[in-house]
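# Chains, contacts and geometry: an overview
Below, each chain spelled out in residue letters.
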Amino acid sequence: MDIISEICETLQKKNSTSMMSVHDLHAFEVFNQLGVNVKMLVSADQKVYEDAVHNVTLESPCEKQKQLLIDELDGVKLVDVDEDETDGLTNLSKAILGMTTSLVGVAMRYSPSGSEEDDEHLLQEDARKIGREKMHVKVDGFDELRNISFKKASRQLIRLSPAKNDVDYCVLCEVSIQHCRRVITLQSPLQIFNHLSIPVQIFCDVDELRKHAIDFEGARDDHQFVQLNILEPDKCYAVPLHIAYNCKLYVAPANMLYEKTSDPIWWQDFGPAKDNYKYFSCQPQTPNSNVFYFKILWEEDQLSKRPTSVPRSALNCNLRLCPPVVLHNLLPLNIHYSLEGSALSQLGPGDNVPLFTADLKKNPKLQLQVINYLNVYWTGSVELTSDLEEFKAINMEPDSNVEGQNKQMSLSIHMNQQMVMDLYVYSPYWIVNKTGLPIQIRGSRSEAVYENTDSLDPLLFRFKKHRRKKAKLRVYNSKWTRSFSLDTVGSSGVVICYDKERNRKYQFLLKIELSKLSLTKIVTVMPYFLVVNSTLHNLRYMEDNEQADLWMDLVPNECSPFWPATESPKIYVKYEESAVCSQHFPVDRPHKTVLRMEKGTALCTDVTVTETSIVIRILPYQPGDIPVRVDNLCEDVFLKLHQKKQSQVTLLSPNQSVLYTWDDPTVERTLMWNVYNRRKPSYPAFINKDGSGQVQLSIQTVRRSSSLWSGSRRNIYEDHRKNRNERSETIQYDSSSDDDSDLDAVPKHVYLRQNTRTDKVIVYWVSYLDGIQRVLLLTQDERIAKKAIKMNETEMAETAVFVSLSGVGISLINGLREEVAYVSLNSGTTIWEVQDKKRWKLLSKEIATWMEQRWQIDDTAKVVLEDAVEADLGEMEMKKPYAGKLRRSYNPAVWLQLKQSLHNTYFLLKIHWIQIDNQLSDAYFPIVLHPYHIPAYRYVVKKSSPKPCVELTIARRQVPECNLDTFKYVKLLVQEFCINLDKGFILSVYDIIASRKTPKTESYLLGHDVNKATVSLADKVRVHDSGQACRSVFEFLHLSPIKIHVSLSLDGQAHLMIPAVEGKAFFTSDVVDFFLNSVGAKLVDVKDVELRMAYFEREAVMMTFGQLTGLVVSHYRTQALQQAYVLLLGLDILGNPYGLVKDFTQGLGDFFYEPLYGRIHEPDKNAEGLVQGIRGLLKHTVGGVVGSTSSFTRTIGKTLAFLSFDSDYQRERQRRMQQKSNSFPLSLSSAGNSFVTGVCLGLSGVVLHPLQGAREDGVEGFFKGIGKGLMGLITKPSGGVVDMLSMAFDGLRRAFEMGEDVVMRMRLPRYIHPLGLMPFSPYQSVGMKILHLVDHGNDVYWAHAAITKEEKSDIVLITNRRLFLLKKSRGWREWTVEWVISLSSFVETPQVEGDKLILRLKKSGEDGNWLVRDDRELSSPDTETLLWLQKKLSKAVKLFA
């Protein structure tokens, strides 16, 4: 993730030379910040340049140095793992290897390498007697530190010897690796971080330097203090080693007239047993100035590994200089602030300022002033105390009389006491008025009225404390609306005000959003209906209402609110100076309509309905807006056109075209056509997509002497237009579509010149796109129709791409070198069928598997399996056990097909199976996402091949010269999915994503909210209209319905790279943390609830991609919110009633339909269908009842485990509950074992917890342990009883579900070697899992092997610290530790003697006396295994001991 993100960031930079910045740096660099001389020795293989060493002296190696044996895995090359060392080990237990899959991923690891420049600049030439990627360090005055590894990123504390003046010195060694570059920093264990906004000076007493014989440059006898450093803001200073351990420090603001701190800063005054923070002050050098206060926060440095040789009391801390108070302005206004005795200062929106003059010991009062809010000056104050409420109201008082003016101001302040006291001044609600009307708002049980005029500036609103948090709204002197909540973030709704005085109903839309800073909710009040004039004409509009007689004016580019009086509003539109108005059209549903206006002109109306508002846009007519252009190219046929069920008819003469729009936009929009004077029903015109057809008619034809027709499609109709000299006129008349009119209706001057006769003719019709204009062509000439059809036929593909992948795997790894998730795309199981008579019959799983294996080896061979199976794979024929043709069906994981011609594009994507696995060691749900498996006994599924879980088909036609972009066919099919989420996985993934984001400043986030709140409705609409030119035509768009099975648990441990951001926790994170970790959170597990969302479909629409995306998101989000109730009904604490009802319904359905399916699809197996029906009934009814009971008892058991406050017990219980037995007797055995375990742990905890607490935290820990033990004495046995019932019921439920498919992890979690990523090894993954089962410490897996070939063989497990001998357990633990040995206990290399591996160890309690031994033996009948263990163990001892 780091490499990919950094490459992307580099490529996005405009300056191309920045891509070389990493290459210009040295691959190996050393910094010495100890303040003393340091000598270093590294291997000759490590290239070190002179300018890459800072304050360090590099020496040549000594001949007496001990040569270290370096394992191949220590190198930087990619490791080649031999078969005899991993998966090829003959004695690995089948049970262990069965836990893995055969999938092997491919990984890549980067290794640092030096530059290829000349070696004449290198400092070392002969340093060859030291291990590669290791170094010797000699700190002046101390013994040499040998074999310090820098092969991986680390931060370790190394003890120096000998001690001086009873002081144990330590040095902090930090190794950072980034961009294949190693940087080693040596510094003292005391660091000072400056979180102030100003630079500070750090001083030390000269007398103390002289007392401890510390030589520091700049120290003078005639000065009392010496300046150590000027520390800039947000910088870190590593205090020199000797000064850190022996001298007290002093701090003063730089370049300011202040003295040094009156009290010295001494690290021993801080600590976990003492205060974590202290306040310090600096006196001013000038009179009448305020004292400078700041805070020092102590925290222990986070080490990669703490060695046992370093005591817990050793110096290892960071001192952070922080202001006492930081004031944040989260208001959209400037505020003025002051502390007692100081002048007013201004703070802009989104800005923050440290208050260095705040002495929190004296509880100072903070004065706040807001100028010119509602044209009034407001003043308020708050007292800064140590027990200040987290949320406190500030009542702002006006400086003038505002009685009766409905002007109120009340703010809130949020105190966040993390690293400093952060005070956030904010308003809980911003009321944004975009209605253009003066609105008033108040609390439902409050008399304080807030008034907001038509200004776009937000109105600051707050409920009174301990009052019902619902509000009411009104406009002018209307009635107050019904009370509504302002806390439903992300939702919107309509509130209605009735104004009897104006006889009007106002419909307002309330949209509630959470601000970017999370403390304020932005409530936008806007008209529900908006009318926008996007033309260049002055327009007027009016509602179709008997009581409405007032035309509303619209100037160009104006956005006006519309307040309808009817439930289904319709409006008219006309030009300002015209007396002719358009047809009325609806405004309560989305549509696009062309309106006929005066003098042959037209306007286009586009009504957009979203979850926020309804926008009626009046647009100028553009080519392509009209629904259809009808071309009558018949020789002698008059056509009549009309809208379905409408009387108005358009008569179309031969060789004439008409741009047709709807006569009544409010009714069904179906175009009907017929031949004039034909007494039979009309034909519907298919104008939504391309198509063609023909109709045979008996009609009266008219012979004409001459006529003229011209059109835009000259290349098609060139032959047809010869000898045409005139164009007929369009004739419109009113008659019913079902009435038959005689020929007298035709104008006489037309009839007298023409002769008529009755003929049988064929009329061909073609629907196609001419540019972006839909055209309906009607002709009697088949050649013309074929030419028109040919224009839309598929062109010959110029490019064809086919991609087939059998599998894709992606690992998501965090900074802790743990695999968090594994995303895999997998192919389906190959299906083998044989033709039995006229039906294809599935082969059994055993035969199909054997056939597939043989086919993979040779797909043309003749295969025989004893006398049972005989087949010819080359001819695809089977002779035994069935005689017939063979058929093999295979679905790859990814199938992609792309065909492209000059104008057409066809794209097909199929993903057969997508799965996301939770790879964390303590995962509650091992599978996060997978397709929902369909039961195997469904006959329809048996006959058809498995469907892909995702299938996307797109057919697109682009003609740039005609400005044509048409999506003829877009279809996305998504099968049922299961989503299983737990708290640990969610937070772990979010931690990885959050670490990639660049944090935004408060001013930026507040500015975003202010800009969004103050933008006018006209500007928002103008932005929307700017994309109208990029519209595309969608002839058919279908997104399949979505059905998701959701399970949610608030269990699971988050694996975070940084446990807590340095004191900068946000309010939302506090709320989420309380929700996720409270006792009530253990009761809200949700299991297998269904969320169903209907399909999304559009036909013959023209829109931009932005509009389409908004419609799709709104469609599915609205339906998801409407089904939130199923989450409540799926709670385990309620017994999952939703799942219970679903099981009963499914069981009854199976009992009725399975026999019916069996009789229809397999008549010769009627009994099997009946058995399947009875089985389904029992499984879903009985299994549903016991499953519901199991869910309830499992939740109670989880709550009792949480109340035990024993994390080890909770973890073991969770692992035990996740183990699923394959049979009901084993489930009962596990249930009884769970009860016995709970009783034993409850009794033993009374003794063990106090002892453990005393060992870790002394007396305080002892009494905490007593409380934990007594609590466990109650909860653990009770939880054991409940868990016993839960496991028994769960086993009974699974007994009824035997035979169903089970979804498992695609593979075990990846083992990540300390050196970096390597190809996935199932062998190493098994070993890492065994280590997690037996030990939860800091051991790193190294190797393991089974001693014998038996199924339950003992396992030898080697880590970087210890050697384990494990035995298969019969209890609730999978493995038990027989014995464990520290690698440091070996006195010599292990030896193989016969069938034994001899381990020579030091005598227990007598380290250093090698003459007294405590040997161990490992016995195995396989000498190869013992030799392999000897090799791996010897390497581990040399590397880690």
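Structural data are supplied above this passage.
First, a word on scope: everything that follows refers to the structure included in this document. (Residues numbered from 1 in each chain as written. Predicted model: local features only at pLDDT ≥ 70, side-chain atom pairs only at ≥ 80, totals over all residues. Heavy atoms only, no water.)

Before going further, it helps to examine the packing of aromatic side chains. We describe a pair of aromatic rings using the distance from one ring centre to the other and the angle between the two ring planes. For the coordinates displayed, the defined rule picks out 32 aromatic pairs. Geometrically, the ring pair formed by Tyr169 and Tyr245 is tilted, given 4.7 Å between the ring centres and 50° between the ring planes. Here the residue Tyr169 occupies a position in the loop between strand 7 (154-159) and strand 8 (170-178), and Tyr245 occupies one in helix 5 (residues 241-246), the gap between them amounting to 76 residues. Take Tyr169 and Tyr245: they sit in the same class, and that class is buried. Their ring planes at 50° and their centres at 5.8 Å tell us that Trp266 and Trp267 sit as a pair that is tilted. No difference in accessibility class separates Trp266 from Trp267, as the two residues are buried. (Phe/Tyr/Trp six-rings, centres within 6.5 Å; stacked < 30°, edge-to-face > 60°. Helix = DSSP H or I, 4+ residues; strand = E, 2+ residues; numbered from the N terminus. Buried < 20%, exposed > 50% of the residue type's maximum accessible area, 1.4 Å probe, protein only.)

As a further point, take the pattern of salt bridges. For the structure on display, the rule yields 38 salt bridges. A salt bridge links Lys592 to Asp625, with the shortest nitrogen-to-oxygen separation between them at 3.4 Å. In this pair, Lys592 sits in strand 44 (residues 591-596) while Asp625 sits in the loop between strand 46 (614-620) and strand 47 (628-632), placing the two residues 33 residues apart along the sequence. Where Arg1362 meets Asp1339, a salt bridge forms, and the shortest distance between an N and an O atom there is 2.9 Å. Here Asp1339 lies in the loop between helix 21 (1322-1334) and strand 77 (1341-1346) and Arg1362 lies in strand 79 (residues 1362-1368), a separation of 23 residues in the sequence. One network of salt bridges, with partners in common, ties together Asp690, Arg774, Lys968 and Glu1035. (Salt bridge = Lys/Arg side-chain N within 4 Å of Asp/Glu carboxyl O.)

Further remarks concern the nonpolar core. With 70 residues, the main nonpolar core has Met135, Val137, Val139, Leu228, Ile243, Leu249 and Phe294 as its most contacted residues. Ranked by the residues each element gives to this core, the list is headed by strand 8, at 5 residues. With near-sequence residues (within four places) excluded, Val137 lies in contact with Val38, Lys39, Met40, Asp143, Glu144, Leu145, Ile148 and Leu186. Counting 65 residues, the second-largest nonpolar core is a separate cluster that includes Ile441, Leu460, Leu510 and Leu1006. (Core = buried A, V, L, I, M, F, W, Y, C linked by side-chain atoms within 4.5 Å. Contact = heavy atoms within 4.5 Å.)

Strand order in this open sheet of 5 strands is 21-20-23-24-26, and the pairing throughout is antiparallel. At either margin of the open sheet sits one strand with a lone partner, and together these are strand 21 (345-347) and strand 26 (397-398). (Pairing = 2+ DSSP bridges.)

Quick look at the environment of Tyr498 now. Relative to the elements of secondary structure, Tyr498 occurs in strand 35 (residues 492-499). A C-alpha to C-alpha distance of 5.8 Å links Tyr498 and Ser478, two positions 20 residues apart in sequence. When neighbours within four sequence positions are excluded, Tyr498 is seen to be in contact with Ser478, Lys479, Arg504 and Lys505.

So, about helix 22 (residues 1423-1440). Along its 18 residues, helix 22 runs 26 Å from first to last C-alpha, staying within 8% of the 26 Å computed at 1.5 Å per residue. Where helix 22 begins, the capping side chain belongs to Asp1422, and its oxygen is found 3.1 Å from the backbone nitrogen of Glu1424. (Expected span 1.5 Å × (residues − 1). Polar contact = N/O pair within 3.5 Å; in protein donor to acceptor, adjacent residues only side chain to side chain.)

Turning our attention to the sheet that holds strand 64 (residues 877-880). Pairing is antiparallel across the open sheet formed by 6 strands, whose spatial order is 61-60-65-64-63-62. In the strand order of this sheet, the two ends are held by strand 61 (839-842) and strand 62 (862-865), each with one partner. Neighbour-to-neighbour, the strand axes of this sheet turn through a mean angle of 30°, independent of strand direction. Here strand 60 (residues 831-836) pairs with strand 61 via 4 bridges, running antiparallel. What sits directly across from Val834, in strand 61, is Lys841. Against the sheet, helix 9 (residues 845-857) makes contact with strand 60, strand 62, strand 63 (869-872), strand 64 and strand 65 (884-889), and its axis sits at roughly 140° relative to strand 62, the strand it touches most. (Axes fitted to C-alpha atoms, helices over the stretch in contact; angles between N-to-C directions.)

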